[in-house]
Amino acid sequence: MYVDGFITPVKKDKMAEYKKMARACGKIWKEYGALQYLEAVADDVPYGKRTSFPRAVKLQDDEVVVFAYVLYINRKERDRIMAAVMADKRLAKYMDPKAMPFDGKRMVWGGFKEIVSF
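Small disclaimer: the values here were computed from a predicted structure and weren't measured. (Residues numbered from 1 in each chain as written. Predicted model: local features only at pLDDT ≥ 70, side-chain atom pairs only at ≥ 80, totals over all residues. Heavy atoms only, no water.)

Remarks on a nonpolar patch on the surface
Right, so step 1: A cluster of nonpolar side chains, contributed by M1, L35 and I73, occupies part of the molecular surface with about 260 Å² of accessible area.
Right, so step 2: Position of L35 relative to the elements: it lies in the loop between helix 1 (15–31) and strand 2 (36–41). (Patch = residues over 30% accessible without salt bridge, like charges linked within 9 Å, V, L, I, M, F, W, Y side chains within 5 Å. Areas by Shrake-Rupley, 256 points an atom, 1.4 Å probe, with all protein chains shown as cover. Salt bridge = Lys/Arg side-chain N within 4 Å of Asp/Glu carboxyl O. Helix = DSSP H or I, 4+ residues; strand = E, 2+ residues; numbered from the N terminus.)

As structure tokens, then:
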């Protein structure tokens, strides 16, 4: 398996808008072949002394951390799916930094190879 992981700071008063965007994005990812798409809001993420999810995104008082992942069968499929998703015109309205319900400059993401799975 291959996983894309994301952590994002989202303004608390923009969560409804963010959820709407996440639902739309999830449907598109799944349509192109992602095995699973998940977004979750922070519930137990303490501010660490050195590292933590809040520190990673420079969380502000009026924000919450959202953790997300997309699961694929392998890296080749991820690359194909990601290219299709990024080219999908339905996502254009979410790509404008002024219209995003989060600060994309503080979003952290990356792709990961599976090493253990149950």
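Still more to cover.
Here we look at the pairing of strand 3 (residues 63–72)
Right, so step 1: Most of strand 3 sits inside the fold, with eight of its 10 residues counted as buried.
Right, so step 2: Judged from the 10 bridges that link them, strand 1 (residues 2–11) and strand 3 form a sheet pairing that is antiparallel. Counted as the bridge partner of K11 is E63 from strand 3.
Right, so step 3: As paired strands, strand 2 and strand 3 are joined by six bridges and run antiparallel to one another. Within strand 3, the position partnered with V41 by the bridge is V66. (Buried < 20%, exposed > 50% of the residue type's maximum accessible area, 1.4 Å probe, protein only. Pairing = 2+ DSSP bridges.)

Notes on the pattern of salt bridges
Right, so step 1: For the structure on display, the rule yields 10 salt bridges.
Right, so step 2: The partner of R75 in a salt bridge is D79, with the nearest N and O atoms 3.0 Å apart. You can see R75 and its partner D79 sitting in helix 3 (residues 75–87), four residues apart, about one turn around the helix.
Right, so step 3: The partner of E77 in a salt bridge is R80, and the shortest N-O contact between them spans 2.8 Å. Remark: R80 and E77 occur in helix 3; sequence separation between them is three residues, near one turn of the helix.

Brief notes about unusual backbone geometry
Right, so step 1: Even without being a glycine, K58 presents a positive backbone phi close to 55°.
Right, so step 2: Along the chain, the position of K58 falls in the loop between helix 2 (53–56) and strand 3.

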